[in-house]
Each structure stands twice: as structure tokens, then as C-alpha cells.
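Residues per chain are reported as follows:
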Amino acid sequence: MRTLAIAKRVTTELLRDKRTLALMFVAPILILFLMKLIFSANSTTSVNIATVDLPSAVRTELNGIKHVDVVAKKDNSAAKKALKNQDVDAIIRKTSTNQYTVTYANTDATKTTMVKQAFKGALSANGIKQMRSTIKRLGGTVVKLTATVQQMQAAQKVAAAKAGMAASANATTGSAKTPAISVPKVKVTTSTKIKNKYVYGDKDTGFFDKIVPILMGFFVFFFVFLISGMALLKERTSGTLDRLLATPVRRSEIVFGYMLSYGGLALVQTIIIVLTTVYLMGVEIMGSLGAVMVINFLLAVVALAFGILMSTFARSEFQMMQFIPVIIVPQIFFSGIIPLESLAGWVQGIAYILPLKYAGDAMTQIIMYGKGLLGLSFDIGILLLFLVVLTFLNIRGLRRYRKV
Amino acid sequence: MPEPLIDMQHLVKKFGDQTVLQDVNLAVMPGEIVGLIGPSGAGKSTVIKTTLGMEVADGGTAHVLQTQMPNRQLLGRIGYMAQDDALYDTLTGRENLTFFGNMKGVAKADLTAKIAHVAAVVDLTGDLDKRVSGYSGGMMRRLSLAIALLGDPELLILDEPTVGIDPALRRKIWAELANVRADGRGVLITTHVMDEAELTDKVALLLGGKIMAFDQPAALKKQYAVDTIEEVFLKAEGVD
Ligand SMILES: Nc1ncnc2c1ncn2[C@@H]1O[C@H](COP(=O)(O)OP(=O)(O)O)[C@@H](O)[C@H]1O
Ligand SMILES: [Mg+2]
């Protein structure tokens, strides 16, 4: 079996290349870990807001919100100065009754959003308070009104008795004795309780958790693509490919030999990346871990075939690196990190020729919605199709170096 | 008369617009060492790649072991040594030999003995278990030759095997080629070292995409009325 002999040789070479091994196994873990740090840091953003002429009730309300600090400024120019000095992130100024002007530094979209929400929240909270006191006052008025009505009824009774209409007045008195209007008990619950239930994850689920299945796939794809491409490239530039092709080996045996050894490596890498993502990063998987592995491994093998194919178009390692912006980076944009629906129609079309899209879809379905592999036969089928076509092209492509 | 191991008739090879080989006629008989000489860029490697079926001729015919090339199966009966030392340098010498032995289809049972034999021929027995990255240039050339010799091929095709090696090793390689010849096997060897051409049975002069002369060294020298192949070469180039 020449395929096995080639696979064995490639594996031996790989195992002796410690740098490459480190790149394949340690680098993705390191990057995932760094990303986790960066994205989870986002959730503790805090903002400083300068206020001008803001009613103290609103200001107190605003200050009470977590991660929001309020400083009252005596006028607009003082506030502007603070904004310019980056002491505050926004200025809220009351211009007239129910008119507010908010000026954002807007250097950080997260902070801008936070200020917007905080202010809205503070205003409505304040509104509720005002309403409550209005209702209380109204309640007071009702009590007074009731008293007035009672007085009036009493006066009426006296008048009726005086007029000597005892029979008819009796009936009236019966119903008028206890007034029909009862004073409503005004009680606005001070804290509205909202109970949150999460279908996926918990209250700490953030942007990172959403993109992590896709990132995981991306790293698998990226590293396998690069390293397998480099390997065949080296075989070609060093002349060993020519020498290999000067033996009766089949072109398919070379391709399968490479797929076998790098496939083994990709399998180990996939397991490491998936386990890191799930346990170290604490990503919750609704579906089965095995399904995640299968999809990632499938993606890795596609990347492998893709890397081998692309390496035939590169004349040096540097040219191989040039494929990164052209082939690798676009995959990230179309893999579902950015919702595809928001893109123009023709741009969406591009996504359908990129393997990472299908893997990203499948992974999101498994991780977030708990789908099983059987429900993902479309994505899996497409990935397999990629694999078959790319492998065929690779075997064909070796014809450039030997005509039989 | 025995059948030729290599028989090329009116071979034409083009790369795009560039016609590298115009009309190449060449034959290698069993028990013969044929030297293909020509300046660098003349197309010597192209002749060899066409012989091996890595390139397809654009005209004429190339028969190897009575079979029209390209033909994959036939490659198991040819020993090829490329111009550059194409070796896996993270592997040891033995691992390289084992790998290429497997590729050539040498029987598993014979492989160990055959590796020991070719290693002895090129004097590498003591260094077989060292990694190739630790080899000197000369050792790499010898390992390269050992790989070509593996499996007792009927035909040896060597592309500039003696470039950049010391005289002692060069002599050793030629001694081994003489052994191959004595076995009744054939050798096609390219070189641009003219005094090596003196050691061959026949010399083919490749110039301008054509074989300008193809004969025994002595006959060529006589024909051109000079004392060395080098002078034959210079004269032929002047005539062109
Ligand atoms: N694959 C190829 N594509 C295009 N041109 C080539 C190719 N291989 C060789 N050539 C050209 O053919 C000519 C002969 O090359 P080569 O056979 O390597 O010469 P030699 O071995 O005699 O030095 C050179 O001009 C070279 O540029
Ligand atoms: Mg050459």
C-alpha cells in the first residue's frame, strides 16, 4: 500500500517538525483564550455622564444604574470641557420642559448605546414615580369628592325629610346610606420584577458566545489549510515531488497519503480546539459534543484538500501566505459572524461557495439549538461535496507534474 | 541485435512559444552508458523528463523499454536521480531509502537486503541512521544515487549526478556505473563536465534543440579532428 507508506512518511516528517506541531496545537488555544479575555471584558464597560440642568430626581435615578456615574455641571461649557478632556462619555442637558439634548463622545459604540439605554431607563423610572404621586394625589381628590358627595346626600336627605316624601325617600336612603364609590387603594409596586429565562446560555452570554462556534471552525480551517498547503509546497520546491512521481506511484495515492496523515493531525487538532472551547472557555453546547467534533473534523478535511489545491498555485511559502487575505479572511465575514440577511443579495451569493459558511451554520445549529447530525444533512452533504470535488481536483492537478 | 532501452525519434518539445527540443534522436542500448552533453539550458533535463513521462512530447516518439511514454507502470523499472538532491531531510538515510523502495514497489522481504546493498555501493552504511539534514553535500548525492540504484532498475537515468562533488566521489560513481553496464543494464547520464563525457560509450551533443552529433567519443574526436570532447563541443557550437 503506497498510500500508507506516504502517510507514514508524511506523519514522521510532521512529528519531527516541532514548530509546526506547536503552531497547530498551541496557537489556536492561545488565540481562543485571548479572544475570550477580550470579549468578556466588554460586559463591564462603565460610562461617565455629565448633566446640565437635569432634574435631581432624574439624576439620582441615572446615578443608581450600574456602571453609570453622573456628575452635575453648572453649565453647558463646563460639561463640554469635561467631554473634550475625556472625563465624561456624554452630556445630558435639559433644554426646556420634556426636552433633552444628549451629546455623545461616540468614540465607543458600546458606551453610546449604554448611555442611551441608561437615560431612557432613568427617564421612564422617573416618569413612573411622578405618575405614582399623581395617582396618590388623585386618590386624595377622590376621597375628598366622596366626602363632598356624602355631604350632599346628607343634605339631600334632610331636604327630602323636610319635604315629607318619606315613602319614596326611604328607598333612596337605603342605597345612599353607604356610598357606592369605594376609594381605590393606590399601591404601585416600587420594583417591577422581571424574571429572565434564557433558551441558550445564561445572563452572561455575550458576543463571544455567539461567534465562538464559528471561530472554532475558523481556526480549524485556517491552521489546517496553511500547514497542509505548506507541506505539499515543500515537497514540490525541494524536488522530492518530481522524484516521487518518477516512481510508479499513482497520483491519487499521493493525494490520499497526504489526506490520511494530515487528516490524523487534523483530527487531533479538532479534538483539542473543541475541548478547549467547550471546557476552558465554558461554552455551553445544547447538542452533542460528538456532533460538534464531526462537523469540525469534516471542515478540517475540506481545509486540507483546499490547502493542497491552493499550494499548486503558489511558487513559494510567501505566495502561500498571500492566499490568506484572498481566501481565508473572506470566509470569516461570510461564516455567520455578521448576519447574512443584512447583506446585499449578490454578496450573500458569495457565502454559498465558502465551506466555512456551511460548517458555521451546522455548528451554530448544534451548539445553540441542539440539533443533531441527522438534521444537518444538507450542510454535511455540501461539505462532503466540497471534499470530493477538491480531492478530485488535487489528483487532476498533479498532472501538471507528471502526465500519467 | 538487442532492443534499445530508450528510443527517441524526432522528439519535439515546446514550452509555450519556446521550442526547447526541435528534433532529438537518441538511443540507449543495454550495456551502454550514453552521455548527453550540452550547455546549461540546452534542454538536457527536458529530454529526461520526457523520457520519464513527466512531460509529454509535442512531436515525435519516445519509447522506453519498448513502451510508448508516458507510462506509469514502467517507472518501476527505471532508476532516476534528479538534478537537485531531492531528499526528505528530516528523515534518516534509511527512512528515505525505505520510502522510495516502497514507492518503487520493491518487495518488503527484499527491501532490507537491497538497502544494505545500495548503501554499501555508495559507502553510506555507517551513516544510514543519521538524519539527512546532518549530511554533507557529497553524502546527499550518494544517498540520491543509492535511491536511484534501489530495485536493480534496467535503466538508470541520471541528471547531472556529479555536480559539486569531489573527485574521489565522482570516481566512485563512475565505477558503479561501470558495474551497471557490466550487468547489461543501460545508463543515460547528462553532464556539462566535458571530461566526464570521455568515460561514456556514446556521447550525444545537444545544441539548439537538436542532437548535433551522436557517436563514440573516439569517433567524434576523429570526426572533428580534435583531441578532446570539449573541443568537439566548441567546434560544434561554432558550426551551429
Ligand atoms: N516546465 C517548464 N516550463 C517552461 N519552460 C521550461 C520548463 N522546463 C524547462 N524549461 C525551459 O527549457 C529550457 C531547457 O531547460 P532544461 O531542460 O532544464 O535545460 P538543461 O537541463 O539542459 O540545463 C530552458 O530554457 C528552460 O527555461
Ligand atoms: Mg538540467
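Calculation criteria
Residues numbered from 1 in each chain as written. Chains lettered and ligands numbered in written order. Predicted model: local features only at pLDDT ≥ 70, side-chain atom pairs only at ≥ 80, totals over all residues. Heavy atoms only, no water. Helix = DSSP H or I, 4+ residues; strand = E, 2+ residues; numbered from the N terminus. Buried < 20%, exposed > 50% of the residue type's maximum accessible area, 1.4 Å probe, protein only. Contact = heavy atoms within 4.5 Å. Areas by Shrake-Rupley, 256 points an atom, 1.4 Å probe, with all protein chains shown as cover. Pairing = 2+ DSSP bridges. Axes fitted to C-alpha atoms, helices over the stretch in contact; angles between N-to-C directions. Salt bridge = Lys/Arg side-chain N within 4 Å of Asp/Glu carboxyl O. Phe/Tyr/Trp six-rings, centres within 6.5 Å; stacked < 30°, edge-to-face > 60°. Lys NZ or Arg CZ within 6 Å of the ring centre and 35° of its normal. Donors = N, O, S within 2.8 Å, 3.2 Å for Na, K, Ca; no water. pLDDT = per-residue confidence, 0-100. Polar contact = N/O pair within 3.5 Å; in protein donor to acceptor, adjacent residues only side chain to side chain. Near = heavy atom within 4 Å. Nonpolar A, V, L, I, M, F, W, Y, C, P; charged D, E, K, R; others polar. Buried area = accessible area lost by both parts, 1.4 Å probe.

A. The arrangement of the overall build of chain A in detail. Each helix and strand counted, chain A has 15 helices and 4 strands in total. Within the span of chain A, comprising 404 residues, buried residues form 42% of the whole. A separation threshold of at least 6 residues defines the contact pool for chain A, and within that pool the share at least 24 residues apart is 72%. Accessible surface, chain A: about 22100 Å² in total, of which carbon and sulfur atoms supply 63%.

B. Structural context of the sheet that holds strand 4 (residues 99-104) of chain A. All names here are of chain A. Taken together, 4 strands build an open sheet; the order of strands is 2-1-3-4 and the sheet is mixed. Since the sheet does not close on itself, it has two edges, and those belong to strand 2 (68-73) and strand 4, each with one partner. Adjacent strand axes in the sheet meet at a mean angle of 25° when their direction is disregarded. Strand direction decides the pairing type here: strand 1 (residues 47-52) and strand 2, joined by 6 bridges, are parallel. Paired with T51 across the bridge in strand 2 is A72. Of the strands in this sheet, strand 1, strand 2 and strand 3 (90-96) touch helix 3 (residues 56-63), which is tilted by about 150° from strand 2. On the sheet, helix 4 (residues 76-84) packs against strand 1, strand 2, strand 3 and strand 4 and is oriented at approximately 165° with respect to strand 3.

C. Representation of the pattern of salt bridges in the model. Scanning all chains against the criterion turns up 21 salt bridges over all chains. Its salt-bridge partner being E235(A), residue R9(A) comes within 2.7 Å of it at the nearest N-O pair. Pair noted here: R9(A) is in helix 1 (residues 2-16) and E235(A) is in helix 7 (residues 207-237), with a separation of 226 residues, a long-range link. Judged by its relative accessible area of 3%, R9(A) is buried. One connected set of salt bridges, linked through shared partners, spans K403(A), K13(B), E55(B) and D58(B).

D. The arrangement of the packing of aromatic side chains in detail. Per the counting criterion, the structure on display carries 14 aromatic pairs over all chains. Here the aromatic rings of F218(A) and F222(A) are separated by 5.9 Å at their centres, their planes lie at 20°, and the arrangement is stacked. Of this pair, F218(A) and F222(A) both sit in helix 7, 4 residues apart, roughly one helical turn. There is no split in this pair, since F218(A) and F222(A) are both buried. Seen from their ring centres, Y358(A) and F378(A) are 6.2 Å apart, and the 65° between their planes marks the pair as edge-to-face. Within this pair, whereas Y358(A) is found in helix 14 (residues 355-369), its partner F378(A) is found in helix 15 (residues 377-397), the two being separated by 20 residues in sequence. One aromatic cluster is present, built from ring pairs that chain together F218(A), F219(A), F222(A) and F223(A). R243(A) extends its terminal NZ or CZ atom over the ring of F100(B), reaching a point 5.5 Å from the ring centre.

E. Representation of the side chain of T20(A). Among the secondary structure elements, T20(A) is positioned in helix 2 (residues 18-41). Filtering out sequence-adjacent residues up to four positions away, T20(A) remains in contact with L14(A) and I227(A).

F. Local environment of the coordination of the magnesium ion (ligand 2). All names here are of chain B. Those protein atoms acting as donors to the magnesium ion (ligand 2) are S45 (OG) and Q83 (OE1), and they sit at 2.0 to 2.4 Å. A residue pair is termed long-range when its members are at least 10 positions apart, and S45 in helix 1 (residues 44-52) and Q83 in the loop between strand 6 (78-81) and helix 2 (93-104) qualify at 38 residues. By relative accessible area, which is 22% here, S45 ends up partly exposed. Take Q83: its relative accessible area is 40%, and that puts it in the partly exposed class.

G. Main features of the confidence of the model for chain A. Residue and element names in this part refer to chain A. Chain-level pLDDT for chain A is 83 on average; 88% of the residues reach the 70-or-more range. Model confidence for chain A, summarised as mean pLDDT per element, is weakest for helix 6 (residues 166-176) at 48 and strongest for helix 15 at 95. Low pLDDT, under 50, characterises residues 169-176; the predicted model gives this stretch 3 contacts beyond four residues in sequence or across chains.

H. Region of interest: the side chain of T162(B). Residues and elements named next belong to chain B. Following the sequence through the fold, T162 ends up in the loop between strand 7 (155-159) and helix 5 (167-182). Judged by relative accessible area, which is 2%, T162 ranks as buried. There is a polar contact of 2.4 Å between the side chain of T162 and the side chain of E196. Setting aside anything within four residues of it in sequence, one finds T162 in contact with R141, R170, W174 and E196.

I. Representation of the site of ligand 1 within the structure. Residue and element names in this part refer to chain B. Lining the immediate surroundings of ligand 1 are F15, Q18, V20, P39, S40, G41, A42, G43, K44, S45 and T46. Interatomic distance of 2.8 Å between a backbone N/O atom of K44 and an oxygen atom of ligand 1. For ligand 1, whose unbound accessible area comes to 560 Å², protein coverage reaches 60%. At the level of elements, strand 2 (18-28) and helix 1 are the ones that each hand at least two residues to the shell around ligand 1. Element by element, the count of residues in the shell around ligand 1 is highest for helix 1, at 3 residues. Within the shell around ligand 1, the residues separate by chemical class into 4 nonpolar, 6 polar and 1 charged.

J. Spotlight on the interface of chain A and chain B. Listed per partner, the contact involves 25 residues of chain A and 33 residues of chain B. Overall, the association of chain A and chain B removes approximately 2600 Å² of surface from exposure, summing both partners, and the carbon and sulfur fraction of that is 61%. Interface area lost by chain A to chain B is led by R16(A), R243(A) and P248(A), which between them contribute 30%. Counting every contact that joins chain A to chain B gives 3 salt bridges. Taken together, the links from chain A to chain B amount to 11 residue pairs in polar contact (both at pLDDT 80 or more). Every element with two or more residues in the side of chain A that touches chain B is listed here: helix 1, helix 7 and helix 8 (240-245) of chain A. Among the elements that take part in the side of chain A that touches chain B, helix 1 of chain A stands out by supplying 7 residues, more than any other. Its residues assigned to classes, the side of chain A that touches chain B shows 9 nonpolar, 5 polar and 11 charged.

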